[in-house]
Amino acid sequence: MIDPAIVEPIAARGWPAAEADPLGEWRLYASAGHSGRINTCWAMGDPGLPVDEAIARVEAWYARRGFPPRFKFINGFSWPDDLAERLQARGYRSNTPTLTMGGPLNGALGPDASIANFPGDTFRSVFADPAFGHDDDARERLDALGRMPAPRGYALITVDCQPAAVGACVVEGEWAGILGMRTAPVFRRQGLARRLFRSLTAFARAAGARQGYLQVDETNATAIALYESEGFEAGYLYRYWVKG
């Protein structure tokens, strides 16, 4: 099982927020207010203050940016152990259970796939398809993808010369994060997600990584089954706690 103490800091650096501040061992991240991981307090250590005071500091920090306060909570890893109960007592509710998975990098770059070192216009056109959400959300996520540190790769698969599927990979040491996999609606159910995943893991292995991680909605049984069939295993679950 992958260790959140190792993977979470790597994941934070691999999917960087526009703004970050420490509060003791807590980390406050903000971007444009859409993607959970880059608009959330990661409470994974002692904040250096009484817990209720620290929560109030977090709430004020997000209020100054016009965002609702949000905490990322990992079972058995967030601090303190009763953080969820404290948040619930303050009017927070949990949502978006997300599974972190990890596994080997066994893929191969397919003949219809290319890897670039920046998210070009064609990549962006697939990623920002309206089927995946509104423009502001896509813009925030594309900005985060553009901030990923090197080594990084942006995969594009074409079908009949048409852009069909995209995804990204960021490497830090022996770890590689698989991010932003999307298939244009007209090209779904053609096995592109598997080919895309294998292309990204092949890039990661060539860049020196030996194992990968990714995050997937716990309810996305189709995606989880795909990753499991490629050798990835469930690691740990996290949720967001949002006030209001």
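Residues numbered from 1 in each chain as written. Predicted model: local features only at pLDDT ≥ 70, side-chain atom pairs only at ≥ 80, totals over all residues. Heavy atoms only, no water.

1. Re the environment of alanine 17
In step 1: Tracing the sequence through the fold places alanine 17 in the loop between helix H1 (4-14) and strand E1 (19-23).
In step 2: Residue classification places alanine 17 among the buried positions, given a relative accessible area of 15%.
In step 3: When the C-alpha positions of alanine 17 and alanine 5 are compared, they lie 19 Å apart, and in sequence the two are 12 residues distant.
In step 4: With sequence-adjacent residues up to four places away left out, alanine 17 is seen in contact with Tyr29, Ala30, Ser31, Ile38 and Arg147. (Helix = DSSP H or I, 4+ residues; strand = E, 2+ residues; numbered from the N terminus. Buried < 20%, exposed > 50% of the residue type's maximum accessible area, 1.4 Å probe, protein only. Contact = heavy atoms within 4.5 Å.)

2. What about helix H2 (residues 51-64)?
In step 1: The end-to-end C-alpha distance of H2, which contains 14 residues, comes to 20 Å, matching closely the 20 Å that a straight helix rising 1.5 Å per residue would cover.
In step 2: Looking at H2, one finds that the buried residues are Val51, Ala54, Ile55, Val58, Glu59, Trp61 and Tyr62. What you see down the axis of H2 is that its buried residues fit within an arc of 160°, all on one side. Away from the buried face of H2 by more than 90 degrees, exposed residues Ala63 and Arg64 are located.
In step 3: The first or second residue beyond H2 is glycine 66, which carries a positive phi of 80°. (Expected span 1.5 Å × (residues − 1). Arc of directions from axis to C-beta.)

3. A short note on the sheet that holds strand E11 (residues 233-243)
In step 1: Ordered by their spatial adjacency, 11 strands build an open sheet running E1-E2-E3-E4-E11-E5-E10-E9-E8-E7-E6, and the pairing between neighbours is mixed. A single partner strand is all that each edge strand has here, and the edge strands are E1 and strand E6 (113-116).
In step 2: Across seven bridges, the pairing between strand E8 (residues 162-172) and strand E9 (residues 175-183) is antiparallel. Bridged to glutamate 172 within E9 is tryptophan 175.
In step 3: The sheet strands contacting helix H7 (residues 221-229) are strand E5 (92-104), E9 and strand E10 (211-217), and the helix crosses E10 at an angle near 165°. (Pairing = 2+ DSSP bridges. Axes fitted to C-alpha atoms, helices over the stretch in contact; angles between N-to-C directions.)

4. Details of the nonpolar core
In step 1: If you look at the biggest cluster of nonpolar residues, it comprises 60 residues, and the most contacted ones within it are Met101, Leu145, Cys169, Leu214, Val216 and Tyr227.
In step 2: The element best represented in this core is E8, accounting for seven residues.
In step 3: Contact partners of methionine 101, with chain neighbours within four places excluded, come to Ile2, Gly212, Tyr213, Leu214, Val216, Ile224, Tyr227, Glu228, Phe232, Glu233, Ala234 and Gly235.
In step 4: Residues Leu23, Val58, Ala84 and Trp241 belong to the second largest nonpolar core, which totals 19 residues. (Core = buried A, V, L, I, M, F, W, Y, C linked by side-chain atoms within 4.5 Å.)

5. A word on the layout of surface pockets
In step 1: Here the largest pocket is characterised by a volume of approximately 1,300 Å³.
In step 2: Lining the largest pocket are 39 residues; nearest its centre among them are Met181, Val216, Asn220, Ala223 and Tyr227.
In step 3: Counting only elements with at least two residues in the lining of the largest pocket, the list comes to E5, helix H5 (135-147), E9, helix H6 (192-206), E10, H7 and E11.
In step 4: For the lining of the largest pocket, the per-class residue count stands at 18 nonpolar, 13 polar and eight charged. (1 Å grid on protein atoms, 1.4 Å probe; cavity = no way out; pocket = protein on both sides within 12 Å on 5 of 7 lines; lining within 4 Å. Points joined across faces, edges and corners; volume = space filled by probe spheres on them. Nonpolar A, V, L, I, M, F, W, Y, C, P; charged D, E, K, R; others polar.)

6. Section: the side chain of threonine 98
In step 1: Position of threonine 98 relative to the elements: it lies in strand E5.
In step 2: From its side chain, threonine 98 meets the backbone oxygen of threonine 96 in a polar contact 3.0 Å long.
In step 3: In this view, threonine 98 contacts Gln215, Val216, Asp217, Glu218, Tyr236, Leu237 and Tyr238; residues no more than four positions away in its chain are not counted. (Polar contact = N/O pair within 3.5 Å; in protein donor to acceptor, adjacent residues only side chain to side chain.)

Function cannot be inferred from these measures alone, as they are strictly geometric.
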